[in-house]
Amino acid sequence: MEGTRGHILQLMVMGVLLGTAFPGYRAVQTPDYDDTSTPEILNPSWMAIIPDVYSLSDVTMPGTHNTMALYGGSLSECNSWSLAFQLRAGIRFLDIRVRHAKGNLTIHHGISYQYAHFGEVLMDVVAFLREYPSETVLMRLKEELSNTQDIYGAVVRYINEYAHWDLLWHSREMPSMGEARGKLIVLQDFTGPDLGILYNTLDIADDWKVSSLQPEEVEKKWRSVSTHLEAATVGNKKRMFLTYSSGASILAHPNALAWLINPRLYEYLTGFVGQSKRFGIVAMDFPGAKLVQTIIGFNY
(Lines give C-alpha, C1' and ligand atoms only; values in the text may rest on other atoms or scores of the structure.)
Protein backbone atom coordinates (compact mmCIF):
# COMPACT_ATOMS: atom_id res chain seq x y z
CA MET A 1 0.00 0.00 0.00
CA GLU A 2 2.82 2.45 0.84
CA GLY A 3 4.37 1.82 -2.56
CA THR A 4 1.03 2.44 -4.25
CA ARG A 5 0.49 5.63 -2.27
CA GLY A 6 3.96 6.81 -3.22
CA HIS A 7 3.33 6.17 -6.90
CA ILE A 8 0.02 8.03 -6.78
CA LEU A 9 1.70 10.95 -5.01
CA GLN A 10 4.33 11.03 -7.77
CA LEU A 11 1.57 11.34 -10.37
CA MET A 12 -0.08 14.08 -8.34
CA VAL A 13 3.20 15.96 -8.05
CA MET A 14 3.64 15.72 -11.81
CA GLY A 15 0.15 17.21 -12.07
CA VAL A 16 1.27 20.06 -9.81
CA LEU A 17 4.25 20.72 -12.08
CA LEU A 18 2.18 20.53 -15.25
CA GLY A 19 -0.82 22.34 -13.81
CA THR A 20 -3.19 19.59 -14.90
CA ALA A 21 -3.92 15.90 -14.38
CA PHE A 22 -0.88 13.83 -15.26
CA PRO A 23 -1.39 11.17 -17.97
CA GLY A 24 -1.76 7.76 -16.35
CA TYR A 25 -3.42 9.07 -13.21
CA ARG A 26 -6.71 7.39 -12.35
CA ALA A 27 -9.22 8.36 -9.70
CA VAL A 28 -8.58 6.81 -6.30
CA GLN A 29 -10.93 5.65 -3.55
CA THR A 30 -9.41 4.81 -0.16
CA PRO A 31 -10.84 4.99 3.37
CA ASP A 32 -9.43 8.52 3.83
CA TYR A 33 -9.18 9.96 0.29
CA ASP A 34 -11.62 9.85 -2.61
CA ASP A 35 -11.42 11.67 -5.93
CA THR A 36 -13.94 9.40 -7.66
CA SER A 37 -17.44 10.62 -8.48
CA THR A 38 -19.33 8.37 -6.05
CA PRO A 39 -18.79 7.88 -2.30
CA GLU A 40 -18.24 4.35 -1.07
CA ILE A 41 -20.67 4.69 1.87
CA LEU A 42 -23.79 6.82 2.32
CA ASN A 43 -24.93 8.27 5.67
CA PRO A 44 -27.93 10.39 4.70
CA SER A 45 -29.75 10.52 8.06
CA TRP A 46 -27.05 10.16 10.70
CA MET A 47 -28.34 13.09 12.76
CA ALA A 48 -31.68 11.38 13.38
CA ILE A 49 -30.58 9.70 16.61
CA ILE A 50 -28.83 12.73 18.11
CA PRO A 51 -31.06 13.93 20.99
CA ASP A 52 -33.02 17.11 20.32
CA VAL A 53 -31.64 18.75 23.47
CA TYR A 54 -28.02 18.65 22.25
CA SER A 55 -26.58 21.99 21.26
CA LEU A 56 -25.47 21.96 17.63
CA SER A 57 -22.08 23.23 18.81
CA ASP A 58 -21.67 19.95 20.68
CA VAL A 59 -22.07 17.87 17.52
CA THR A 60 -19.04 16.55 15.63
CA MET A 61 -19.66 16.77 11.91
CA PRO A 62 -17.81 16.32 8.61
CA GLY A 63 -17.60 19.14 6.10
CA THR A 64 -15.92 20.02 2.84
CA HIS A 65 -13.71 22.98 2.05
CA ASN A 66 -14.70 24.79 -1.15
CA THR A 67 -17.57 22.37 -1.48
CA MET A 68 -18.45 23.11 -5.10
CA ALA A 69 -14.88 23.25 -6.48
CA LEU A 70 -15.15 20.31 -8.89
CA TYR A 71 -13.64 21.91 -11.99
CA GLY A 72 -10.68 23.92 -13.17
CA GLY A 73 -7.72 21.56 -12.88
CA SER A 74 -5.75 20.28 -9.92
CA LEU A 75 -5.03 23.72 -8.45
CA SER A 76 -8.73 24.61 -8.34
CA GLU A 77 -10.45 21.30 -7.64
CA CYS A 78 -11.09 20.44 -3.99
CA ASN A 79 -13.77 17.76 -4.26
CA SER A 80 -15.09 15.22 -6.74
CA TRP A 81 -18.51 14.30 -5.32
CA SER A 82 -21.52 16.33 -6.42
CA LEU A 83 -23.27 18.33 -3.70
CA ALA A 84 -26.11 15.80 -3.67
CA PHE A 85 -23.66 12.96 -3.08
CA GLN A 86 -21.75 14.94 -0.44
CA LEU A 87 -24.92 15.48 1.57
CA ARG A 88 -25.91 11.83 1.29
CA ALA A 89 -22.40 10.74 2.28
CA GLY A 90 -22.90 12.62 5.54
CA ILE A 91 -21.31 16.03 4.86
CA ARG A 92 -23.12 18.68 6.91
CA PHE A 93 -20.87 21.74 6.58
CA LEU A 94 -20.66 23.40 3.18
CA ASP A 95 -18.16 26.08 2.15
CA ILE A 96 -19.86 28.06 -0.64
CA ARG A 97 -18.13 30.86 -2.60
CA VAL A 98 -20.17 33.14 -4.87
CA ARG A 99 -19.13 35.70 -7.46
CA HIS A 100 -21.46 38.70 -7.51
CA ALA A 101 -22.01 40.33 -10.89
CA LYS A 102 -25.11 42.30 -11.96
CA GLY A 103 -27.16 40.69 -9.21
CA ASN A 104 -26.15 37.16 -10.20
CA LEU A 105 -24.39 34.77 -7.82
CA THR A 106 -22.26 32.21 -9.64
CA ILE A 107 -20.11 29.62 -7.93
CA HIS A 108 -16.37 30.14 -8.16
CA HIS A 109 -13.09 28.97 -6.72
CA GLY A 110 -10.86 31.92 -7.45
CA ILE A 111 -10.99 32.53 -11.19
CA SER A 112 -12.41 29.06 -11.89
CA TYR A 113 -16.12 29.08 -12.64
CA GLN A 114 -17.77 25.94 -11.26
CA TYR A 115 -20.64 25.66 -13.79
CA ALA A 116 -23.27 26.34 -11.16
CA HIS A 117 -25.08 29.21 -9.50
CA PHE A 118 -26.22 29.75 -5.93
CA GLY A 119 -29.78 28.79 -6.79
CA GLU A 120 -28.67 25.29 -7.75
CA VAL A 121 -26.91 24.92 -4.41
CA LEU A 122 -30.09 25.96 -2.62
CA MET A 123 -32.22 23.56 -4.66
CA ASP A 124 -29.96 20.63 -3.72
CA VAL A 125 -30.15 21.57 -0.04
CA VAL A 126 -33.93 21.97 -0.16
CA ALA A 127 -34.36 18.59 -1.86
CA PHE A 128 -32.09 16.91 0.65
CA LEU A 129 -33.78 18.39 3.74
CA ARG A 130 -37.19 17.56 2.32
CA GLU A 131 -36.14 13.92 1.96
CA TYR A 132 -34.27 13.82 5.28
CA PRO A 133 -35.98 16.27 7.69
CA SER A 134 -33.98 14.91 10.64
CA GLU A 135 -30.87 16.61 9.27
CA THR A 136 -29.51 20.14 9.21
CA VAL A 137 -27.04 21.79 6.83
CA LEU A 138 -24.55 24.48 7.79
CA MET A 139 -23.32 26.75 5.01
CA ARG A 140 -20.47 29.19 5.17
CA LEU A 141 -21.30 31.74 2.50
CA LYS A 142 -18.81 34.31 1.21
CA GLU A 143 -18.04 36.42 -1.82
CA GLU A 144 -15.29 35.16 -4.13
CA LEU A 145 -13.43 36.79 -7.02
CA SER A 146 -15.73 39.83 -7.08
CA ASN A 147 -15.33 42.47 -4.38
CA THR A 148 -18.68 44.26 -4.22
CA GLN A 149 -19.03 43.67 -0.47
CA ASP A 150 -22.75 43.83 -1.11
CA ILE A 151 -24.14 40.35 -1.75
CA TYR A 152 -26.89 40.44 0.90
CA GLY A 153 -29.69 41.58 -1.41
CA ALA A 154 -28.81 39.00 -4.07
CA VAL A 155 -28.59 36.23 -1.46
CA VAL A 156 -32.06 37.08 -0.15
CA ARG A 157 -33.47 37.14 -3.69
CA TYR A 158 -31.97 33.72 -4.46
CA ILE A 159 -33.33 32.26 -1.21
CA ASN A 160 -36.84 33.49 -2.00
CA GLU A 161 -36.63 32.25 -5.60
CA TYR A 162 -34.94 28.87 -5.17
CA ALA A 163 -35.77 27.93 -1.56
CA HIS A 164 -38.00 29.61 1.02
CA TRP A 165 -37.47 32.07 3.84
CA ASP A 166 -38.49 29.62 6.59
CA LEU A 167 -35.72 27.23 5.50
CA LEU A 168 -33.22 29.44 7.34
CA TRP A 169 -32.33 29.58 11.01
CA HIS A 170 -33.01 33.27 11.73
CA SER A 171 -30.86 33.86 14.78
CA ARG A 172 -27.28 34.51 15.83
CA GLU A 173 -27.82 32.10 18.72
CA MET A 174 -26.66 28.50 18.51
CA PRO A 175 -29.67 26.21 17.99
CA SER A 176 -30.31 22.90 19.65
CA MET A 177 -30.35 19.84 17.44
CA GLY A 178 -34.14 19.82 17.64
CA GLU A 179 -34.37 23.44 16.53
CA ALA A 180 -31.90 22.86 13.70
CA ARG A 181 -33.64 19.90 12.07
CA GLY A 182 -34.82 20.67 8.56
CA LYS A 183 -33.00 24.02 8.56
CA LEU A 184 -30.24 25.60 6.53
CA ILE A 185 -27.98 27.48 8.93
CA VAL A 186 -26.10 30.23 7.15
CA LEU A 187 -22.67 30.94 8.63
CA GLN A 188 -22.60 34.51 7.39
CA ASP A 189 -19.20 35.57 6.04
CA PHE A 190 -20.42 38.79 4.41
CA THR A 191 -21.81 42.13 5.49
CA GLY A 192 -25.47 42.99 5.83
CA PRO A 193 -28.40 42.26 8.15
CA ASP A 194 -28.34 38.94 9.95
CA LEU A 195 -29.24 35.84 7.96
CA GLY A 196 -27.95 33.36 10.53
CA ILE A 197 -24.89 32.83 12.69
CA LEU A 198 -21.89 35.08 12.09
CA TYR A 199 -19.04 32.99 10.69
CA ASN A 200 -16.36 34.86 12.62
CA THR A 201 -17.97 33.92 15.95
CA LEU A 202 -16.78 30.34 15.44
CA ASP A 203 -13.41 29.18 16.73
CA ILE A 204 -11.65 28.56 13.41
CA ALA A 205 -8.32 27.09 12.31
CA ASP A 206 -7.78 27.68 8.59
CA ASP A 207 -4.04 27.75 7.94
CA TRP A 208 -4.54 27.13 4.24
CA LYS A 209 -1.27 28.48 2.89
CA VAL A 210 1.00 25.46 2.50
CA SER A 211 4.01 26.52 0.47
CA SER A 212 5.02 23.08 -0.81
CA LEU A 213 4.71 19.33 -0.30
CA GLN A 214 8.04 19.17 1.51
CA PRO A 215 7.73 17.12 4.73
CA GLU A 216 8.37 20.09 7.01
CA GLU A 217 5.58 22.10 5.35
CA VAL A 218 3.12 19.20 5.52
CA GLU A 219 4.08 18.65 9.16
CA LYS A 220 3.45 22.33 9.94
CA LYS A 221 -0.02 22.05 8.42
CA TRP A 222 -0.75 18.85 10.33
CA ARG A 223 0.29 20.46 13.63
CA SER A 224 -2.22 23.24 12.99
CA VAL A 225 -4.96 20.68 12.36
CA SER A 226 -4.21 18.37 15.30
CA THR A 227 -3.69 21.24 17.75
CA HIS A 228 -7.08 22.72 16.93
CA LEU A 229 -8.83 19.36 17.08
CA GLU A 230 -7.37 18.85 20.54
CA ALA A 231 -8.56 22.33 21.54
CA ALA A 232 -12.07 21.48 20.35
CA THR A 233 -12.28 18.49 22.70
CA VAL A 234 -11.75 20.67 25.77
CA GLY A 235 -13.05 24.03 24.50
CA ASN A 236 -16.24 25.87 25.37
CA LYS A 237 -19.08 23.55 24.39
CA LYS A 238 -21.30 26.55 23.65
CA ARG A 239 -18.93 27.69 20.92
CA MET A 240 -18.68 25.90 17.59
CA PHE A 241 -15.20 24.81 16.50
CA LEU A 242 -14.23 24.54 12.83
CA THR A 243 -10.98 22.94 11.68
CA TYR A 244 -9.90 22.99 8.03
CA SER A 245 -7.55 20.16 7.08
CA SER A 246 -7.27 21.65 3.58
CA GLY A 247 -4.56 23.81 2.10
CA ALA A 248 -2.98 24.80 -1.18
CA SER A 249 -0.36 26.73 -3.11
CA ILE A 250 1.21 26.63 -6.57
CA LEU A 251 3.50 23.86 -5.28
CA ALA A 252 0.91 22.07 -3.13
CA HIS A 253 -2.30 21.48 -5.03
CA PRO A 254 -5.38 20.52 -2.94
CA ASN A 255 -5.49 16.88 -4.09
CA ALA A 256 -1.80 16.25 -3.41
CA LEU A 257 -1.95 17.84 0.03
CA ALA A 258 -5.14 15.94 0.90
CA TRP A 259 -3.41 12.73 -0.17
CA LEU A 260 -0.83 13.41 2.57
CA ILE A 261 -3.02 14.98 5.27
CA ASN A 262 -6.16 12.83 5.08
CA PRO A 263 -4.40 9.59 6.14
CA ARG A 264 -2.93 11.37 9.16
CA LEU A 265 -6.35 12.76 10.04
CA TYR A 266 -7.93 9.32 9.69
CA GLU A 267 -5.24 7.67 11.81
CA TYR A 268 -5.52 10.39 14.44
CA LEU A 269 -9.30 10.13 14.72
CA THR A 270 -9.45 6.33 14.68
CA GLY A 271 -7.22 6.45 17.76
CA PHE A 272 -10.18 7.90 19.67
CA VAL A 273 -12.91 5.61 18.33
CA GLY A 274 -15.13 4.47 21.19
CA GLN A 275 -14.41 7.57 23.24
CA SER A 276 -16.77 10.46 23.80
CA LYS A 277 -15.09 13.38 22.02
CA ARG A 278 -16.33 16.67 20.56
CA PHE A 279 -14.17 17.68 17.58
CA GLY A 280 -16.63 20.17 16.07
CA ILE A 281 -16.67 20.63 12.30
CA VAL A 282 -13.85 19.03 10.32
CA ALA A 283 -13.71 20.53 6.81
CA MET A 284 -11.69 18.52 4.29
CA ASP A 285 -10.69 18.24 0.66
CA PHE A 286 -11.41 14.92 -1.08
CA PRO A 287 -12.46 13.03 2.08
CA GLY A 288 -12.88 9.26 1.91
CA ALA A 289 -16.23 7.86 2.99
CA LYS A 290 -14.78 5.94 5.94
CA LEU A 291 -13.08 9.10 7.19
CA VAL A 292 -16.46 10.83 6.99
CA GLN A 293 -18.08 7.92 8.80
CA THR A 294 -15.43 7.99 11.53
CA ILE A 295 -16.15 11.66 12.22
CA ILE A 296 -19.88 10.96 12.39
CA GLY A 297 -19.25 8.11 14.83
CA PHE A 298 -18.11 10.43 17.63
CA ASN A 299 -21.72 11.47 18.15
CA TYR A 300 -22.83 8.00 19.32
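Residues numbered from 1 in each chain as written. Predicted model: local features only at pLDDT ≥ 70, side-chain atom pairs only at ≥ 80, totals over all residues. Heavy atoms only, no water.

As annotated in an unreviewed UniProt entry, the chain is Phosphatidylinositol-specific phospholipase C X domain-containing protein from Phoxinus phoxinus.

(A) Structural detail: the pairing of strand 3 (residues 104-109). Where strand 2 (residues 93-101) lies against strand 3, 4 bridges are found, and the strand directions are antiparallel. Bridge pairing in strand 3 links Val98 to Ile107. Where strand 3 and strand 4 (residues 112-117) come together, 3 bridges link them in antiparallel fashion. Among the inter-strand pairings, Thr106 is bridged to a residue of strand 4, identified as His117. (Pairing = 2+ DSSP bridges. Helix = DSSP H or I, 4+ residues; strand = E, 2+ residues; numbered from the N terminus.)

(B) Quick look at the pairing of strand 5 (residues 137-143). Counting buried residues in strand 5 gives 6 out of 7 residues, a clear majority hidden from the surface. Where strand 5 and strand 6 (residues 184-188) come together, 5 bridges link them in parallel fashion. Bridging across to strand 6, Arg140 finds its partner in Leu187. (Buried < 20%, exposed > 50% of the residue type's maximum accessible area, 1.4 Å probe, protein only.)

(C) Representation of the UniProt feature "domain: Phosphatidylinositol-specific phospholipase C X" (unreviewed entry) in the chain in the model. In the numbering used here, UniProt assigns the feature "domain: Phosphatidylinositol-specific phospholipase C X" (unreviewed entry) to residues 52-189. Along residues 52-189 one finds 26% helix and 27% strand; the C-alpha atoms at either end are 27 Å apart. (UniProt positions renumbered as here; feature names shortened; annotations may be inferred.)

(D) Examining the layout of surface pockets more closely. The calculated volume of the largest pocket comes to roughly 460 Å³. If you trace the largest pocket, you find 22 residues lining it, with His65, Asn66, His109, Trp208 and Ala248 closest to the centre. Counted by class, the lining of the largest pocket contains 6 nonpolar, 10 polar and 6 charged residues. (1 Å grid on protein atoms, 1.4 Å probe; cavity = no way out; pocket = protein on both sides within 12 Å on 5 of 7 lines; lining within 4 Å. Points joined across faces, edges and corners; volume = space filled by probe spheres on them. Nonpolar A, V, L, I, M, F, W, Y, C, P; charged D, E, K, R; others polar.)

(E) Spatial organisation of the packing of helix 3 (residues 118-131) against helix 4 (residues 152-162). Here helix 3 crosses helix 4 at 45°, and the two axes come no closer than 9 Å. Classified by the angle their axes make, helix 3 and helix 4 are oblique. Taken as a pair, helix 3 and helix 4 cross one another with a handedness that is right-handed. Here Phe118, Gly119, Leu122, Met123 and Val126 of helix 3 lie close against helix 4, whose contacting residues are Val155, Tyr158, Ile159 and Tyr162. Across the contact of helix 3 with helix 4, the residue classes tally to 8 nonpolar, 1 polar and no charged. (Axes fitted to C-alpha atoms, helices over the stretch in contact; angles between N-to-C directions. Parallel < 35°, antiparallel > 145°, perpendicular 65-115°, else oblique. Left-handed = near helix turned anticlockwise from the far one by under 90°. Contact = heavy atoms within 4.5 Å.)

(F) Summary view of the nonpolar core. Core analysis: the largest hydrophobic core is formed by 82 residues, its most contacted members being Ile96 and Phe118. It is helix 7 (residues 254-270) that provides the largest number of residues to this core, a total of 8 residues. Excluding anything up to four places from it in sequence, Phe118 contacts Ile96, Val98, Leu105, Ile107, Met139, Leu141, Val155 and Tyr158. (Core = buried A, V, L, I, M, F, W, Y, C linked by side-chain atoms within 4.5 Å.)

(G) Highlighting the packing of aromatic side chains. If you walk through the whole model with that rule in mind, you get 13 aromatic pairs. Considering the side-chain rings of Tyr268 and Phe279, the 6.3 Å spacing of their centres and the 65° angle between planes classify their relative orientation as edge-to-face. Here Tyr268, found in helix 7, pairs with Phe279, found in the loop between helix 7 and strand 10 (281-284); they are 11 residues apart in sequence, far enough to count as distant. With a relative accessible area of 1%, Phe279 lands in the buried category. A centroid spacing of 5.0 Å and a plane angle of 75° characterise the contact between Phe279 and Phe298, whose relative ring orientation is edge-to-face. Taken together, the positions of Phe279 in the loop between helix 7 and strand 10 and Phe298 in the segment after helix 8 (289-297) put the pair 19 residues apart, joining distant regions of the chain. For the pair shown, Phe279 and Phe298 are each scored as buried. (Phe/Tyr/Trp six-rings, centres within 6.5 Å; stacked < 30°, edge-to-face > 60°.)

(H) Inspection of helix 7 at higher detail. Here helix 7 is 17 residues long and its end C-alpha atoms lie 23 Å apart, about the 24 Å a rise of 1.5 Å per residue gives. Helix geometry: helix 7 is bent most strongly at Leu260, by close to 30°, with proline Pro263 lying one to four residues after it. Every buried residue belonging to helix 7 is among Pro254, Asn255, Ala256, Leu257, Ala258, Trp259, Ile261, Asn262, Leu265, Tyr268 and Leu269, and all of these are buried. (Expected span 1.5 Å × (residues − 1). Bend = angle between axes of the 7 residues up to and from the residue.)

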